[in-house]
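Chain and residue survey
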Amino acid sequence: MPVVARSLLCLLLVLGVACGDETAPPDNAATTIAEVDGSGQAATVGTALAAPLRVVVRDAQSDPVAGVDVVWTASLGGGSVSAGVQPTGADGISSVNFTLGPLAGQQQVTAAVVGLDGSPVAFTATASPVAAGDIALVKEVPIPPHYGIHDTFVRDGLAFVFAWDEGVYIFDVGNGMSGGSPSNPVQVSKTVTAVGANSPSPSVHNGWWFHAPGGEKRYLFVGEEGPGLVGTSSTGDLHVLDVSNLAAPLEVATYHHPDVDAETVGIHNFWMDEPNQILYAAYYNGGVVSFDVSGTLSGDLSSRVIDEIRPGGAGNTFVWGVMLGPDGDLYVSDMLSGFWQLGTAGGAMSPLAGGNNVTDRFGSDLWIHPDGAVAYTGTWGGGSRMTGNQIKVWSLDGSGAPTLSSSVTVAGVSTVSDVEVSSDGSWMLVTSEYGDGAGLHLYDLANPLAPVLIDHYPVASPSGGLHTGTTATIAGRTYVFAARDPAPGGPALMIFDVTDVIP
Amino acid sequence: MRGALRLGLVAGLVAAPAGLAAQTEDEVTIGFHAVPALIQVDPVPGGGELSELRILHPVAMLGATSLDGYLTAMAMLNFEGATIPDGELSPGSWGEGFVDRRHPHTYAHEFMVSAWQPLRAEGAVALSFSLGKGFVPFGSDDPMTRPILRYPVNHHLSQILERAVGIAALRIGPAVLEGSLFNGDEPASPEDWPRVKRFGDSWSGRLTLWPAAGVEVQGSYARVASPEHREGAGLDSRKWSASARLERSSDAGQLYAMAEWARTSEGAFDFSTVLAEAAARRGSFGAAYRFERTERPEEQRLADPFRSARPHHDNSTLGTTRWTIHSVSLSLTAVDDWPLLGIEPFVEGSLAQVTSVDAGVFDPVAFYGDDQIWSLTLGVRLAWGQRLHRMGRYGVATGPSPSFEHDAPQRAPAMHQH
């Protein structure tokens, strides 16, 4: 029982006997550590410094010493270093790259080797704030906290806000039907969907306004997210609203997924193949389900199910989201089994490639670059894996098979909850939660495999941030519609004008 | 219906003592209590050990009785919001957004007024009404007044506290039946007050029997609306509790024992607990032991691994863990100048075994670095004036009728108390 032993030793400290951690003797040959270069650089918050930080370790004769482990720590400002421990090379030099944290002002990194003269070596860098006005918040629409806003879908100048127990709000943000605009959203209607079989409340989570091939815009698909056990079970039904009259939507159909392996199954995000009138829905532990949504929809949609697939298999499937790529394949982000490519044939799905390729973190949202050669997935939370502070960048080969290309760390957050690439592929929005760095992040995709942060709008809280975001062009300007968590400041639809920021 | 019940409670509180013809001596007591403690835990979330020196349970109490004891008021201010704003290091504890730290209680911890009315001679049948902010008639006594300092993991399964509550209680001989209405929302910070608009959205009932001298048995049930989401968008709880309690005193010393079972269901989630504890005191020396096996939900942690989001963003959990904990405490009454000063140093240790009881994605070993967690506490209980009362019972529910009372001493349960 080490804690008791140490406590007794510490009690002896009161009597004059020292206690404390033993320190390992330094490397026999190494005696000093000193900076080579790297201190004093400046950059924008959240970006990497141009030059690496370097130290040199020498012996008593001032000769460089190789193989000494140097411990690098981002000690002030919330930034990150490329390696926590970096051994010296033959030239005695250890170097790391430093990505500034989200806090403007002076930031610091230390390089340390216990027992060496000069240790620790402190590097400072100046983090400049993002220029005010780059991302312009044009409107904040408070949402009653029951619990709040989860997702937004924008099309034809209408913003569909999915607001948990408040139901579905429809705002005119430039459609013209009610004279609204992004800076002056006008509420068209509010509809509370039915409570699903295993949910305690409407728990309205997400949606998609279906534009059928013939031009009909009759149906709004709504996902409900009830209680779940991440990795094992989920709840929540699919609801279909007839929005022929946008001012008075009417629920006309629903689908309740049966249990799988004795666990309840609920819906999450979805994507539509509108030309073929197929809805693909992520169903967490139920995998992916495809529906035929052609024609008139009413009542129970069980007969509309085309196919189901659990790409990771039983016990290794918990699908967050799906998206059709430009090649017609369906891409799947599974919290447990990673990123998949599925073939589709009239809604029938089959695994083509990928899977079991993200083991360090849980997956979250996804987006396929319109060039079809690159994809991005977010990462989520914690549990038994590392915190979800990365964007995974995937290279898709000629057949669309994914290979992990790189990981972009979003400093100061615990979850990257949403990603979306602009329709022209030139930039990407990311929303993040939980930490000093939480908020809206915009990345330049001049090189799609190497996103570069171009702006960050902080919506920071230890217990919240921005949960989701989507972009739309209205009256020639580009906006991001984002869902703010209960913290900070209460749930709200935040509308940003990003026209002057994006490439 | 609920509105009528609310009005009835208030009317009863006002009317109950009205039948008393004579007013006798009034009494007012005050008291202070605090426990400076050095706590060491190994491992903490993320691995490694952590030691902290904190002042726990810093409270000021005011008690008043009037009308020959038929009207009582009690107030307790709790200053943990100032002394442990980040919580008390306490592996296994959870609730109100804290994990592996016990949350600080609200500054206005308890403000209750009770009035009771004997319906037959010597109070063999009596009725009481209680109203204020305090404990809901559900479950066992608050851990603050029990022999082991460290709160059990089951605190949020076995007690419901800091609510705006109205209680009606009927005592018939050795039995008391209580019913209450209260607000379901639990506080989210030490400054929080119950949401008045939610008063009456939750209810509880408790039946208590005193079958023999010093023996108490209770069973209770509660429906709590959205306790973890103050606006009411969270899951509702159904709670059950059963416990038996023994307290004996003789020339040889004092003996206390309690065993309880409780269960909370929230949607598809179920969390159960069993706990047994005993304490003995002989002369100045006291010893206590507690065994606990409790299940708790695992939620997504924030950047601070001791915290989870409040209000939460959905109703999902990462899994359920079961905490099996053995705790031992030894104490010495150094000063016992009651009703003035009380000083009682103590040492307390516990060993917790953590296991995952369902699939989920929470792995205790990956998170803590070990599935066994040690903790050691060195501290001193300090008290001045009125000692901690038995927290969780009001009016006629504090004990059996006088005809039984001579066989069943009802003083506070914790062995360190007067």
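This text gives an overview of the structure that appears in the document. In this text, all values refer to a predicted model and were calculated from it rather than measured experimentally. (Residues numbered from 1 in each chain as written. Chains lettered and ligands numbered in written order. Predicted model: local features only at pLDDT ≥ 70, side-chain atom pairs only at ≥ 80, totals over all residues. Heavy atoms only, no water.)

**Considerations on the overall build of chain B**
We count it as follows: Helix numbering and strand numbering both begin at the N terminus, where a helix is a DSSP run of H or I of at least 4 residues and a strand a DSSP run of E of at least 2. Contacts are assigned to residue pairs with any non-hydrogen atoms lying within 4.5 Å of each other. Every accessible area reported is derived by Shrake-Rupley at a probe size of 1.4 Å, with residue values counting cover from the shown protein chains alone.
When helices and strands are tallied, chain B shows five helices and 20 strands. Put simply, 66% of the contacts in chain B that link residues at least 6 apart link residues at least 24 apart. Carbon and sulfur atoms make up 63% of the accessible area of chain B, which totals about 15,400 Å².

**Looking at the sheet that holds strand β9 (residues 105-112) of chain A**
Residues and elements named next belong to chain A. Stated formally: Between any two strands, at least two bridges found by DSSP are needed for them to pair. Comment: axis = line fitted to C-alpha atoms, over the contacting stretch for helices; angle = value between 0 and 180 degrees taken between N-to-C directions.
Reading across from one edge, β2-β10-β9-β4-β6 is the order of the five strands in this open sheet, with mixed pairing throughout. Because the sheet does not close on itself, it has two edges, and the strands there are β2 (41-44) and β6 (85-87). Within this sheet the neighbouring strands show an average axis-to-axis angle of 30°, counted without direction. The pairing of strand β4 (residues 69-76) with β9 spans five bridges and is classified as antiparallel.

**With respect to the sheet that holds strand β25 (residues 305-309) of chain A**
Residue and element names in this part refer to chain A. Spatially, β21-β22-β23-β25 is the arrangement adopted by the four strands of the open sheet, whose pairing is antiparallel. The open sheet is flanked by β21 (270-273) and β25, the only strands paired with a single partner. On average, each strand axis in the sheet is inclined to that of its neighbour by 15°, with strand direction left out of account. Inspection of the sheet shows strand β22 (residues 278-282) paired to strand β23 (residues 288-292) by five bridges, in the antiparallel sense. Residue pairing in the sheet places Ala281 in a bridge with Val289 of β23.

**Topic: a nonpolar patch on the surface**
Residue and element names in this part refer to chain B. Convention followed: The patches reported here contain residues having more than 30% relative accessible area and no salt bridge. Joining distances are 9 Å for like charges and 5 Å for nonpolar side chains (Val, Leu, Ile, Met, Phe, Trp, Tyr). What counts as a salt bridge is simple: a side-chain nitrogen of Lys or Arg found within 4 Å of a carboxyl oxygen of Asp or Glu. Residue burial is assigned from relative accessible area. The probe radius is 1.4 Å, only protein chains are included, and a residue is buried under 20% of its type maximum, exposed over 50%, and partly exposed in between.
A surface patch of nonpolar side chains, about 630 Å² in accessible area, is lined by Val28, Ile30, Phe32, Leu62, Leu340, Leu341 and Trp384. Here Leu341 lies in strand β19 (residues 341-356). A residue is classified by how much of its surface remains accessible, and Leu341, at 36% relative accessible area, is partly exposed.

**A word on the nonpolar core**
The nonpolar side chains of a soluble globular protein tend to be buried with one another. The condition that has to hold: Only buried Ala, Val, Leu, Ile, Met, Phe, Trp, Tyr and Cys residues count toward a nonpolar core, and they belong to the same one when joined by side-chain atoms within 4.5 Å.
Phe221(A) and Leu238(A) are the most contacted members of the largest nonpolar core, which has 76 residues in total. Among the elements that line this core, the one with the most residues is β22(A), at five residues. Ignoring any residue separated from it by four or fewer positions in sequence, one finds Phe221(A) in contact with Asn206(A), Gly207(A), Trp208(A), Phe210(A), Leu238(A), His239(A), Val240(A), Phe270(A), Met272(A), Leu279(A), Val293(A) and Leu297(A). Core analysis: the next-biggest nonpolar cluster, separate from the first, contains 36 residues, Leu229(A), Trp380(A), Leu235(B) and Ile373(B) among them.

**Points about the packing of aromatic side chains**
Under the convention used in this document: Aromatic pairing here means that ring centres of Phe, Tyr or Trp (its six-membered ring) are within 6.5 Å. Orientation follows from the plane angle: under 30 degrees is stacked, over 60 is edge-to-face, and everything else is tilted. Ring-over charges, as used throughout, are those where CZ of Arg or NZ of Lys falls within 6 Å of the ring centre and within 35 degrees of the ring normal.
With the rule as written, the count across this model stands at 24 aromatic pairs over all chains. Relative to Phe160(A), the ring of Phe153(A) has its centre 6.5 Å away and its plane inclined at 65°; by these criteria the two rings are edge-to-face. Among the residues examined, Phe160(A) registers a relative accessible area of 0% and is labelled buried. Arranged with centres 6.0 Å apart and planes meeting at 40°, the rings of Phe210(A) and Phe221(A) form a pair that is tilted. Taken as a pair, Phe210(A) in strand β16 (residues 204-210) and Phe221(A) in strand β17 (residues 219-224) lie far apart in primary sequence, eleven residues in all. Note on accessibility: Phe210(A) and Phe221(A) belong to one class, buried. Connected via pairs of aromatic rings, a cluster forms that spans Phe153(A), Phe160(A), Trp208(A), Trp209(A), Trp271(A) and Trp367(A). Positioned above the aromatic ring of Phe306(B) is the side chain of Arg101(B), whose terminal nitrogen or guanidinium carbon lies 4.3 Å from the ring centre. A cation over an aromatic ring shows up here: Arg102(B) above the ring of Tyr151(B), its NZ or CZ 4.3 Å from the ring centre.

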